[in-house]
Amino acid sequence: MLVLIGIAIIIAGFLLRFNPLLVIMASALATGLAAGLDVQAIVAAFGKAFNDTRYVSIIWIVLPVIGLLEAYGLQQHARRLIDRMKGATLGRLLTSYLLLRQVMSAVGLTSVAGHAQTVRPLVAPMAEAAAEAKNDALTDDQREEVKAFAAATDNVGLFFGEDIFLAIGSILLMKGLLEGYGYVIEPLHFSMWAIPTAIAAFLIHGFRLRRLERRMTGKEASA
Amino acid sequence: MITLTFVYILAGLTFALFAGLGFMDRSNPKRFGNAAFWGLLALSMLAGDYLGDFGNGLLVLALVAIAGAGQIGRAPGGEVPAEVQAERAVRYGNFLLLVALIIPAVALAGTFLFKWVPGLADPNQATLISLALGVLAALAVGMARLRSPLMLPAQQGRRLLDAVGWAAVLPQMLASLGAVFALAGVGEVVGGLIGTAIPQGSLFGAVLAFGLGMALFTMVMGNAFAAFPVMMAAVGLPLLIKQYHGDPAVVAAIGMLAGFCGTLMTPMAANFNLVPAALLELKSPYGVIRAQIGTAVPLLAVNIVFIWLFAF
């Protein structure tokens, strides 16, 4: 029971808005101590895990490319493209991206798009331009919401597409775990059962994107 | 053969460049903190395998100390003026889009190439290696055609990373915390608690506890992968599969997706939720989570109903 103190520290720390890195370290130390580890062992375990998960942070190598392209006007160009396409409404744009992201993830291409690679340089400015095209009095808060929805759409597309792919980590985890309990299951069965949820995610999020568009362009929103 | 080491070296050199440029930026009052932070990250990328576990742990403590003391900050300005950008956008237009698409295109092509032609690159890391190659290709093509100053990509990249700040290592830190939680047996304790909270004899009650447990525990851990083994051991296996004879493939597959709904609602999943808020320079770090709750909650309910319908 005592090891749950780490979870309490995380929740309290996030709520009280301490620096999250400090909160995480405090949580790791408290959890380790509660489990009877000494400080040196906890620091070493944390260090080992940090080193093993470095691949999480290599995405930042795309920033020089994004920085270069933005300095030469990529965001403005993305906006101009949307302005030229008369049919490109906010809802249609983000729904198309949602579908594209789901389909790409379903065939295993999860790292092809993402917040640094596609959302910041392309999808977010395009979404903003599409919202502006229909509402020239877009408030700052509305602008924030449009950008947040661009990022949210990327996440929803990724999460509810990737599990259809046979060789994704989560499927391998399920297969491995169930095999350990004596159930041998083909990866295809897990993939298949991810499809109903993928369709539901597309419908639910797509519906919310339509409502977002109405909110951003409707008269009541700009009042 | 190209391995992940190549990507780590590239990332290490990039962070080292950011550290060096940060150090020289006299307009930033926190330049020493920034330089030390990105410098340590460069060290981790380049030499992490030689530092030893405790050495890496000390490196993390130093990162935490710099961030915790508030020594990371960004210099004001530094971006190219909007008018200049707009003028250049007219001139270079679709070429910029083309370069932006080089990264995903190379990532795509490389992923297939490295899987089909063995010996070129580590097939297990094909996408990450291809992503890195795509970055190099995009930089080469972009800089050649735009004739940009040599240091401009690094300077602008550093500006973007400084805007993200310490949140850049948050995902890696949370993943490491998960490892400490696993070592301390946090999962077993939570699983045991949830297991005792389920009403006996109710199939739907058990499905509900499983789905909600996956989502809630994922929110705490920030990762459905950490919640899955715990919830399967506590509820999925003994109740849904053994007692009620549910289809294990359905329970596992949709249970995992119920966990993903939790991922959409938690700041602990920093790389998906907090990092994009920083990258998009949103006012609230929780803006992305707020946009996602309205999708996550109904979808979680749908997943719970799906398990109930399809597994039994």
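Note that the structure is predicted; figures quoted are calculated from it, not measured. (Residues numbered from 1 in each chain as written. Chains lettered and ligands numbered in written order. Predicted model: local features only at pLDDT ≥ 70, side-chain atom pairs only at ≥ 80, totals over all residues. Heavy atoms only, no water.)

(A) A look at the overall build of chain A. The helix and strand inventory of chain A stands at 12 helices and zero strands. Ordered by position from the N terminus, the helices and strands of chain A form the series α-α-α-α-α-α-α-α-α-α-α-α. Scaling as 2.2 N^0.38, a compact globule of 223 residues should have a C-alpha radius of gyration of about 17 Å, whereas chain A reaches 22 Å, well beyond that. Each principal axis of the C-alpha atoms in chain A carries an extent, and together these give about 65 × 45 × 35 Å. Taken over 223 residues, chain A has a buried fraction of 60%. Intrachain contacts of chain A at a sequence separation of at least 6 include 69% that bridge at least 24 residues. With an accessible surface of roughly 8900 Å², chain A has 65% of that area assigned to carbon and sulfur atoms. (Helix = DSSP H or I, 4+ residues; strand = E, 2+ residues; numbered from the N terminus. Rg over C-alpha atoms; globule rule 2.2 N^0.38 Å. Buried < 20%, exposed > 50% of the residue type's maximum accessible area, 1.4 Å probe, protein only. Contact = heavy atoms within 4.5 Å. Areas by Shrake-Rupley, 256 points an atom, 1.4 Å probe, with all protein chains shown as cover.)

(B) Spotlight on the overall build of chain B. On a plain count of helices and strands, chain B comes out with 14 helices and zero strands. With the principal axes as the frame, chain B shows a C-alpha extent of 70 × 45 × 45 Å. With 312 residues in all, chain B has 56% of them scored as buried. Partitioning the intrachain contacts of chain B with sequence separation of at least 6 by distance along the chain shows that 70% fall at a separation of at least 24. Carbon and sulfur atoms form 68% of the exposed surface of chain B, whose accessible area is close to 12300 Å². In chain B, 14 positive and 11 negative side-chain charges are present, and the distance between their average locations comes to 9 Å. (Lys, Arg positive; Asp, Glu negative; His and termini not counted. Charge placed at Lys NZ, Arg CZ, Asp CG, Glu CD.)

(C) Seen up close, the confidence of the model for chain B. Residues and elements named next belong to chain B. Of the residues in chain B, 100% reach a pLDDT of 70 or more, and the chain-wide mean stands at 91. Mean pLDDT across the elements of chain B bottoms out in helix H9 (residues 186-196) (80) and peaks in helix H14 (residues 287-310) (97). Prediction confidence for the complex, expressed as pTM and ipTM, is 0.83 and 0.86 respectively. (pLDDT = per-residue confidence, 0-100.)

(D) Expanded view of the domain arrangement of chain A. Entries for chain A in the domain assignment read domain 1 (2-52) and domain 2 (60-217). Distance from the C-alpha centre of domain 1 of chain A to the C-alpha centre of domain 2 of chain A: 32 Å. (Domains from an automatic or database assignment.)

(E) Up close: the interface of chain A and chain B. At the junction of the two partners, chain A supplies 101 residues and chain B supplies 136 residues. Roughly 10600 Å² is buried in total at the junction of chain A and chain B, and carbon and sulfur atoms are behind 79% of that figure. Sorting the residues of chain A by area buried against chain B places Phe50, Trp60 and Tyr72 of chain A first, and these three jointly supply 8% of that buried surface. Inspection of the region where chain A meets chain B yields three salt bridges. Our count for the contact surface shared by chain A and chain B stands at 26 residue pairs in polar contact (both at pLDDT 80 or more). (Buried area = accessible area lost by both parts, 1.4 Å probe. Salt bridge = Lys/Arg side-chain N within 4 Å of Asp/Glu carboxyl O. Polar contact = N/O pair within 3.5 Å; in protein donor to acceptor, adjacent residues only side chain to side chain.)

(F) Region of interest: the nonpolar core. Within the largest apolar cluster, 182 residues are counted, with the highest numbers of intra-cluster contacts made by Phe160 of chain A together with Met173 and Met232 of chain B. No other element matches the 12 residues that helix H11 (residues 224-243) of chain B contributes to this core. Two domains share this core, each providing at least three of its residues, namely domain 1 (2-52) and domain 2 (60-217) of chain A. With sequence-adjacent residues up to four places away left out, Met232 of chain B is seen in contact with Leu177 and Leu178 of chain A together with Phe210, Leu237, Pro238, Ile241, Val251 and Ala252 of chain B. (Core = buried A, V, L, I, M, F, W, Y, C linked by side-chain atoms within 4.5 Å.)

(G) Focus on the side chain of Glu144 of chain A. Along the chain, the position of Glu144 of chain A falls in helix H8 (residues 140-162). Buried charge without a partner: Glu144 of chain A forms no salt bridge, and the closest opposite charge is Lys283 of chain B, 4.6 Å away. Excluding residues within four positions of it along the chain, Glu144 of chain A makes contact with Glu281, Leu282, Lys283 and Ser284 of chain B.

(H) Main features of the packing of helix H1 (residues 4-24) of chain B against helix H6 (residues 126-146) of chain B. All names here are of chain B. It is at 9 Å that the axes of H1 and H6 come closest, and there the two elements cross at 40 degrees. Considering their axes alone, H1 and H6 lie oblique with respect to each other. Classified by chirality, the crossing of H6 by H1 is left-handed. For the pair H1 and H6, contact is made by Leu4, Phe6, Val7 and Leu10 and by Leu128, Ile129, Ala132, Leu133 and Leu136, respectively. For the contact of H1 with H6, the class distribution of residues is nine nonpolar, no polar and no charged. (Axes fitted to C-alpha atoms, helices over the stretch in contact; angles between N-to-C directions. Parallel < 35°, antiparallel > 145°, perpendicular 65-115°, else oblique. Left-handed = near helix turned anticlockwise from the far one by under 90°. Nonpolar A, V, L, I, M, F, W, Y, C, P; charged D, E, K, R; others polar.)

(I) Representation of the packing of aromatic side chains within the structure. Scanning the model with the defined rule gives 13 aromatic pairs over all chains in all. Ring geometry for Phe15 of chain B against Phe18 of chain B: centres 6.3 Å apart, planes inclined by 80 degrees, an arrangement best described as edge-to-face. Here the residue Phe15 of chain B and the residue Phe18 of chain B both occupy positions in helix H1, the gap between them amounting to three residues, near one helical turn. Every member of this aromatic cluster is reached through a ring pair, and the members are Phe159 and Phe160 of chain A together with Phe260 and Phe272 of chain B. Across from the ring centre of Tyr8 of chain B, 4.1 Å away, lies the NZ or CZ of Arg54 of chain A, which sits over that ring. Against the face of Tyr72 of chain A rests Arg88 of chain B, its NZ or CZ located 4.2 Å from the ring centre. (Phe/Tyr/Trp six-rings, centres within 6.5 Å; stacked < 30°, edge-to-face > 60°. Lys NZ or Arg CZ within 6 Å of the ring centre and 35° of its normal.)

(J) View of helix H2 (residues 31-47) of chain B. The terminal C-alpha atoms of H2 of chain B, which comprises 17 residues, lie 23 Å apart, in line with the 24 Å expected from a rise of 1.5 Å per residue. Every buried residue of H2 of chain B is accounted for by Arg31, Gly33, Asn34, Ala35, Phe37, Trp38, Leu41, Ala42, Ser44, Met45 and Ala47 of chain B. If you follow the buried residues of H2 of chain B, they end up packed against helix H2 (20-34) and helix H3 (39-52) of chain A together with H1, helix H3 (52-68) and helix H7 (152-164) of chain B. (Expected span 1.5 Å × (residues − 1).)

(K) Here's a closer look at the environment of Met265 of chain B. Residues and elements named next belong to chain B. Within the element layout of this structure, Met265 appears in the loop between helix H12 (248-263) and helix H13 (270-279). Owing to a relative accessible area of 14%, Met265 belongs among the buried residues under this scheme. Taking the C-alpha atoms as reference, Met265 lies 9.2 Å from Gly222; in sequence the two are 43 residues apart. Contact partners of Met265, with chain neighbours within four places excluded, come to Met219, Asn273, Ile289, Ile293, Ala296 and Val297.

(L) Representation of the pattern of salt bridges. For the structure on display, the rule yields 15 salt bridges over all chains. Residue Glu128 of chain A pairs with Arg79 of chain A through a salt bridge whose shortest N-O separation is 3.8 Å. Note that Glu128 of chain A is positioned in helix H7 (residues 115-134) and Arg79 of chain A in helix H5 (residues 74-84), a separation of 49 residues in sequence. Using a relative accessible area of 23% as the deciding quantity, one classes Arg79 of chain A as partly exposed. Several salt bridges share partner residues, and in doing so they unite Glu70 and Arg120 of chain A together with Arg74 and Glu281 of chain B into one network.

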